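Descriptive structure summary
Each chain is listed here by its residues.
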Amino acid sequence: MSSSQTHSTAYSGFLQTPPTLYNPFTHDHLLHRLLRRRLGDKLFAELKTSFTELAEEAVSPEKLRWTNDSNRQLPEVIHWDGWGKRADILVTAHGWGQLKGFWAQSGMLEDIYSRRYGTNSRTVGFTKYVPPLPR
């Protein structure tokens, strides 16, 4: 390396910009085709707005912060307390608890187990769990 080239550091040199996430529902045209085929045009049209809103919320800055928090602070089980007594305490990140609540409010499991949409209930529930696509 010549003397005119500088090394990259954590603060200078090559810094990669993070990807911007698209709405995973509106930008996946294959998913739309598959859902129309599986659910039918009427049910797809009925659910399209709720799928779009949920996917947009899933890639919101708040949800991404929660995801980042839960990925940085992995769950841990504390088996013993400081005095040698059995404790068995599960410690999770704040973001993990928030995401758990968010997905519970989404109705994903409710759609699967309540059978509200008959034979399409599992398809509707799992559609709510589409991972975000990078831009």
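Up top is the structure.
What comes next is a walk through the structure.

Conventions we followed
Each chain has its residues counted from 1, following the order in which its sequence is written. Where local features are concerned, this predicted model is filtered to residues with pLDDT of at least 70; where side-chain atom pairs are given and counted, the filter is 80 or more; whole-chain, interface and lining totals use all residues. With hydrogens and water set aside, each side-chain value is computed from the structure's full complement of heavy atoms. The rule for a salt bridge is simple: a side-chain nitrogen of Lys or Arg has to be within 4 Å of a carboxyl oxygen of Asp or Glu. Strands are runs of DSSP state E lasting at least two residues, helices are runs of H or I lasting at least four, and both sets are numbered from the N terminus onward. Any two residues whose heavy atoms approach within 4.5 Å are treated as being in contact. For this analysis, a polar contact is any N or O atom pair within 3.5 Å, provided that within protein one partner can donate a hydrogen and the other can accept it, and provided that sequence-adjacent residues contribute only side-chain to side-chain pairs. Residues enter a nonpolar core if they are buried and are Ala, Val, Leu, Ile, Met, Phe, Trp, Tyr or Cys, with the set joined through side-chain atoms within 4.5 Å. Throughout this description, buried means an accessible area under 20% of the type-specific maximum (1.4 Å probe, protein chains only), exposed means over 50%, and partly exposed covers the range between. For two strands to count as paired, DSSP must find a minimum of two bridges between them. Only rings of Phe, Tyr and Trp enter the pairing, Trp through its six-membered ring, and a pair is recorded when the two centres are within 6.5 Å. The plane angle decides the type: under 30 degrees is stacked, over 60 is edge-to-face, the rest tilted. When the NZ atom of lysine or the CZ atom of arginine is within 6 Å of a ring's centre and also within 35 degrees of its normal, the charge is said to sit over that ring.

Bringing the pattern of salt bridges into the picture now. Evaluated as defined, the whole model comprises 7 salt bridges. For Asp-41, the salt bridge is made with Arg-36, and the minimal N-O distance between the two is 3.9 Å. Ionic contacts of the salt-bridge type, sharing partners, join the residues Glu-110, Asp-111, Arg-116 and Lys-128 into one network.

Glancing now at the environment of Arg-86. Position of Arg-86 relative to the elements: it lies in strand β3 (residues 86-91). Beyond its immediate chain neighbours, meaning those up to four positions away, Arg-86 contacts His-79 and Trp-80. At a separation of 2.9 Å, a polar atom in the side chain of Arg-86 contacts the side chain of Asp-88.

For Asp-88, which is not glycine, the phi dihedral falls at a positive 45°. Mapped onto the elements, Asp-88 comes out in strand β3. One non-glycine residue with positive phi stands out, namely Arg-115, at about 60°. On the secondary structure map, Arg-115 appears in the loop between α5 (108-114) and α6 (121-127).

Ranked by size, the top nonpolar core spans 11 residues in total: Phe-25, Leu-31, Leu-35, Leu-39, Leu-43, Phe-44, Leu-47, Phe-51, Ala-55, Tyr-117 and Val-124. Secondary structure elements with two or more residues in this core: α1 (29-39) and α2 (41-58). If you tally residues by element for this core, the top one is α2, at 5 residues. For Phe-25, the contacting residues outside a window of four places in its chain are Leu-31, His-32, Leu-35, Phe-44, Lys-48, Phe-51, Thr-52, Ala-55 and Thr-127.

Moving on: the environment of Trp-96. Along the chain, Trp-96 falls in helix α4 (residues 94-106). Trp-96 sits 67 residues away from His-29 along the chain, and the two C-alpha atoms are 30 Å apart.

This part is about the pairing of β3. As defined by bridge partners, strand β2 (residues 76-80) adjoins β3 across 4 bridges and the pair is classed as antiparallel. Note on β3: the bridge partner recorded for Trp-80 is Arg-86. Connecting β2 to the antiparallel partner β3 that follows it, the hairpin turn spans 5 residues, and Gly-84 within it adopts a positive phi of roughly 85°.

Here the focus is the side chain of Lys-128. Along the chain, the position of Lys-128 falls in the loop between α6 and β4 (133-134). Ignoring any residue separated from it by four or fewer positions in sequence, one finds Lys-128 in contact with Phe-51, Leu-54, Trp-103, Ser-106, Gly-107, Met-108 and Asp-111.

Time to look at the packing of aromatic side chains. Counted under the stated rule, the structure contains 3 aromatic pairs. Aromatic pair Phe-25 and Phe-44: ring centres 6.3 Å apart, planes at 40°, arrangement tilted. With Phe-25 in the loop between β1 (21-22) and α1 and Phe-44 in helix α2, this pair connects stretches of sequence that are 19 residues apart. Grouping residues by exposure puts Phe-25 and Phe-44 together as buried. Here a set of aromatic residues connected by ring pairs shows up, and it is made of Phe-25, Phe-44 and Phe-51. Its guanidinium or amino end placed over the ring of Trp-80, Arg-86 lies 4.8 Å from that ring's centre, counting from NZ or CZ.

Scope: geometric values only; no functional claims are made or implied.
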